[in-house]
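These are the residues of each chain, in order.
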Amino acid sequence: MTVTLFFSALGYPGTQIFLPYRATNLGFSEAQAASLLSVLAFTDLIGRISCAWISDCNFCPRKYWFIGGMFMSGIFGISLPYYRSYATLLAGTAFSDSSAVLILVLL
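What counts as what
- Residues numbered from 1 in each chain as written.
- Predicted model: local features only at pLDDT ≥ 70, side-chain atom pairs only at ≥ 80, totals over all residues.
- Heavy atoms only, no water.
- Helix = DSSP H or I, 4+ residues; strand = E, 2+ residues; numbered from the N terminus.
- Buried < 20%, exposed > 50% of the residue type's maximum accessible area, 1.4 Å probe, protein only.
- Contact = heavy atoms within 4.5 Å.
- Areas by Shrake-Rupley, 256 points an atom, 1.4 Å probe, with all protein chains shown as cover.
- Phe/Tyr/Trp six-rings, centres within 6.5 Å; stacked < 30°, edge-to-face > 60°.
- Patch = residues over 30% accessible without salt bridge, like charges linked within 9 Å, V, L, I, M, F, W, Y side chains within 5 Å.
- Salt bridge = Lys/Arg side-chain N within 4 Å of Asp/Glu carboxyl O.
- Polar contact = N/O pair within 3.5 Å; in protein donor to acceptor, adjacent residues only side chain to side chain.
- Expected span 1.5 Å × (residues − 1).
- Core = buried A, V, L, I, M, F, W, Y, C linked by side-chain atoms within 4.5 Å.

The protein chain is annotated in an unreviewed UniProt entry as MFS domain-containing protein from Caerostris extrusa.

Chemist: Honestly, the overall build of the protein chain in this entry has me stumped. Any pointers?
Modeler: Summing up its helical and strand segments, the protein chain has 5 helices and 0 strands in all. Counting from the amino terminus, the protein chain carries its helices and strands in the arrangement α-α-α-α-α. Burial statistics for the protein chain: of 107 residues in total, 36% are counted as buried. For the protein chain, restricting intrachain contacts to residue pairs at least 6 apart in sequence, the fraction spanning at least 24 positions comes to 76%. Carbon and sulfur atoms provide 72% of the accessible area of the protein chain, an area that totals close to 6,300 Å².

Chemist: It is not clear to me how the environment of Ser-79 should be interpreted in this structure. Could you clarify?
Modeler: Inspection of the secondary structure assignment puts Ser-79 in helix H4 (residues 62–79). Linking Ser-79 and Gly-92, residues 13 residues apart in sequence, is a C-alpha distance of 8.7 Å.

Chemist: Looking at this model, I keep getting lost on the packing of aromatic side chains. Mind explaining?
Modeler: Considering all chains together, one arrives at 1 aromatic pair under this definition. Each ring, one from Phe-28 and one from Tyr-86, has its centre 5.8 Å from the other, and the planes form 65°; the classification is edge-to-face. Of the two residues, Phe-28 is situated in the loop between helix H2 (15–25) and helix H3 (30–56) and Tyr-86 in helix H5 (residues 86–106); the sequence distance between them amounts to 58 residues. The partly exposed category is assigned to Tyr-86, whose relative accessible area is 23%.

Chemist: Before we go on, may I ask you to explain a nonpolar patch on the surface in this structure?
Modeler: Nonpolar side chains collect at one region of the surface, where Phe-42, Leu-45, Ile-46 and Ile-49 lie side by side and expose about 420 Å² of accessible area between them. Position of Phe-42 relative to the elements: it lies in helix H3.

Chemist: Where do I start with the side chain of Ser-79 in this structure?
Modeler: In this structure Ser-79 comes out as buried when scored by relative accessible area, which is 15%. Within the local environment of Ser-79, its side chain forms a polar contact with the side chain of Tyr-83, the two groups lying 3.0 Å apart.

Chemist: Is there a simple way to explain H4 in this structure?
Modeler: What sets the pattern is the α-helix's 3.6 residues per turn: residues three or four places apart point alike. Over its 18 residues, H4 extends 26 Å from the first C-alpha to the last, a length consistent with the 26 Å expected when each residue adds 1.5 Å. Of the positions making up H4, those classed as buried are Trp-65, Gly-69, Ser-73, Gly-74, Phe-76, Gly-77 and Ser-79.

Chemist: Would you explain the nonpolar core in this entry?
Modeler: Soluble globular proteins tend to pack their nonpolar side chains together in the buried interior. Among the nonpolar cores identified, the biggest contains 10 residues, and these are Phe-18, Leu-19, Ala-23, Phe-28, Ala-33, Leu-36, Phe-76, Leu-80, Tyr-83 and Leu-89. Contributions of two or more residues to this core are made by H2 and H3. A total of 3 residues in this core trace back to one element, the largest contributor, which is H2.

Chemist: Would you mind going over the environment of Ser-38 with me for this structure?
Modeler: In this fold, Ser-38 is placed in helix H3. Since its relative accessible area comes to 47%, Ser-38 is described here as partly exposed. C-alpha separation for the pair Ser-38 and Thr-93, spaced 55 residues apart in sequence, amounts to 9.9 Å.

What follows is the structure, encoded as C-alpha cells:
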C-alpha cells in the first residue's frame with residue numbers, strides 16, 4: 001500500500017494494481033474482482049468528464065480540487081484494509097477513482 005500511496009502522490013492512482021488482489025484475498029471470485037475494475041473504469045470515465053467541466057467553470061481554485069482529490073485518495077488507501085464485504089469494496093472503488101480523477105484532470 002505504501003507504493004500505491006506513493007504513486008497517488010505522483011498523480012497516478014494505483015488502485016488498479018492492488019484492488020483485484022485484495023478482492024481475491026477476501027475470498028471473492030475472479031469475476032467479482034473484475035467487476036470492481038469495471039466500476040473503476042466507469043467512474044474514471046464519468047469523473048474525467050465531470051471534473052474537467054466543473055474545473056473549467058472556475059467554481060473554486062484548482063489547488064483546492066487537488067487537495068480534495070489527494071485527501072480522498074489517501075482516505076481510501078488507509079481504509080482499504082477495513083473493507084470486508086463486496087458492497088464496501090464497490091463503494092470505496094467508486095469514490096477512490098473519482099478522487100484520483102480530480103488529480104489527473106488538474107495536472
